[in-house]
Amino acid sequence: MGNIIDGKQLSLRLKGEMAEEVKALDAKYGRVPSLAVILVGENPASQSYVRGKIKAAGEVGIKSDLITMPADISEEALLAEIERLNNDNLVDGVLVQLPLPKHIDEERVIDAIALEKDVDGFHPDNVANLWLGKPCVEPCTPKGIMQMIAECGFDVAGKRAVVVGRSNIVGKPIAKLLLDANATVTIAHSRTADLGAVCREADILVAAVGRKHIITADMVKPGAVVIDVGVNRDTETGMLCGDVDTAAAQEVASYITPVPGGVGPMTITMLMKNTIECFLNRIVK
Ligand code: L34
């Protein structure tokens, strides 16, 4: 039976280390890193994730500012707020929680965030830098996944990785990070023919589709490392579950991440890391 990679435990340790680092930064530079989070509307899942981000900032000693806006806010008003934060020299990171209400152009909003404050790594220039192999902010979820794989002592180089899902936030960037770690990477998705056969090739299987239990135990290669990025609400029980049938897949895998308590907490922890990175890039410039 495979081991659970405990994202909560790993997060606790990393946040502890960052808290020390932030203390040292405060002593050296006379201020701590600061993060502004904008939440538009009242999506309960977004509210929960954003609460997690503000709480983590407190634990690490990062200054945080939560800016909530009503769902019917105009795009112009949101852009004006981003502009204000861009121009505030004491703000190091600006994050706009997604998804946004339909009347707001998400692309335009992400474009408006100053590149040097893009703690999510979503800005097009950041994405370009990632794919060109230039210095960049790595998006939080993929960055957290790589930490979790490293944590189980698994050497990615030369191995086969299959990423199921092709979103800009997870699928595409995690494929690039795995490629950089010298894995042989396949990006599969909902239209992949014989998804099971493709997944069974994977030494590292990353599921980022957003569909409950799309990955069953028979799709997992014995001994594989399985990373479950799904955060799905079970419509019957209201319970949170991943894209992987965890209990059954754990019998086959060597390591597997749980939902909840896996990739989600690590996404938040990597946001703290990125905020410190942006602070350092800005302050030594
Ligand atoms: N701008 N929008 C922006 N940046 C992000 O990095 C995100 N993401 C995704 C959605 N929109 C975003 C997040 O923050 C997903 N995401 C996220 C963050 C945290 C958790 C899940 C998704 C998380 O902490 N999940 C907990 C359960 C939380 C609960 O019970 O609701 C877990 O243990 O998985």
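In case you missed it, the structure is sitting above this.
Residues numbered from 1 in each chain as written. Predicted model: local features only at pLDDT ≥ 70, side-chain atom pairs only at ≥ 80, totals over all residues. Heavy atoms only, no water.

Caption draft 1: Structural detail: empty space enclosed by the protein. The final tally for this structure, using the stated rule, is one cavity of 30 Å³ or more. The space that makes up the largest cavity amounts to roughly 40 Å³. In terms of lining, the largest cavity is formed by Val96, Leu98, Ile110, Ile113, Asp118, Asp120 and Phe122. For the lining of the largest cavity, the per-class residue count stands at five nonpolar, no polar and two charged. (1 Å grid on protein atoms, 1.4 Å probe; cavity = no way out; pocket = protein on both sides within 12 Å on 5 of 7 lines; lining within 4 Å. Points joined across faces, edges and corners; volume = space filled by probe spheres on them. Nonpolar A, V, L, I, M, F, W, Y, C, P; charged D, E, K, R; others polar.)

Caption draft 2: Representation of the sheet that holds strand E11 (residues 255–256). The six strands are arranged E1-E11-E8-E7-E5-E6 in an open sheet whose pairing can be described as parallel. The sheet terminates laterally at strand E1 (3–4) and strand E6 (184–188), the two strands that pair on one side only. Inspection of the sheet shows strand E7 (residues 204–207) paired to strand E8 (residues 225–228) by four bridges, in the parallel sense. From the neighbouring strand, leucine 205 faces E8, where its bridge partner is valine 226. (Pairing = 2+ DSSP bridges. Helix = DSSP H or I, 4+ residues; strand = E, 2+ residues; numbered from the N terminus.)

Caption draft 3: Up close: the nonpolar core. Counting 49 residues, the largest nonpolar core has Ile145, Ile149, Ile174, Leu178, Val206, Ile227 and Met272 as its most contacted members. Counting residues per element, this core draws most heavily on helix H10 (residues 263–283), at nine residues. In terms of nonpolar packing, the next biggest core, distinct from the first, is built from 20 residues, Ile67, Val96, Ile113 and Phe122 among them. (Core = buried A, V, L, I, M, F, W, Y, C linked by side-chain atoms within 4.5 Å. Buried < 20%, exposed > 50% of the residue type's maximum accessible area, 1.4 Å probe, protein only.)

Caption draft 4: Up close: the sheet that holds strand E4 (residues 93–96). The parallel open sheet is built from three strands, whose spatial order is E3-E2-E4. The sheet is open, and its two borders are formed by strand E3 (63–69) and E4, each paired with just one other strand. Neighbour to neighbour, the strand axes of the sheet diverge by 15 degrees on average, direction disregarded. Here strand E2 (residues 34–40) runs beside E3; their pairing, made up of seven bridges, is parallel. Bridge assignment links isoleucine 38 to a residue of E3, and that residue is isoleucine 67. (Axes fitted to C-alpha atoms, helices over the stretch in contact; angles between N-to-C directions.)

Caption draft 5: Main features of helix H6 (residues 140–151). Given a rise of 1.5 Å per residue, 12 residues ought to cover 16 Å, and the 16 Å separating the end C-alpha atoms of H6 matches this to within 8%. Of all 12 residues in H6, nine are buried; the element is thus mostly enclosed. Burial in H6 covers these residues: Cys140, Thr141, Pro142, Lys143, Gly144, Ile145, Met146, Met148 and Ile149. Positive phi shows up at glycine 153, right after H6, with a value of about 70 degrees. (Expected span 1.5 Å × (residues − 1).)

Caption draft 6: Inspection of the site of the ligand at higher detail. In the vicinity of the ligand there are 16 residues, among which Lys53, Val96, Leu98, Asp120 and Gly261 approach most closely. Lysine 53 has a polar side-chain atom sitting 2.7 Å from an oxygen atom of the ligand. Contacts to the ligand include aspartate 120, whose side-chain N or O atom sits 2.7 Å from a nitrogen atom. Here the ligand has 680 Å² of accessible area as a free molecule, and 81% of this is covered by the chains. Elements that contribute at least two residues to the shell around the ligand include exactly helix H2 (44–60) and H10. For the shell around the ligand, the element with the most residues is H10, which contributes four residues. Looking at side-chain class alone, the shell around the ligand contains eight nonpolar, five polar and three charged residues. (Near = heavy atom within 4 Å. Polar contact = N/O pair within 3.5 Å; in protein donor to acceptor, adjacent residues only side chain to side chain. Areas by Shrake-Rupley, 256 points an atom, 1.4 Å probe, with all protein chains shown as cover.)

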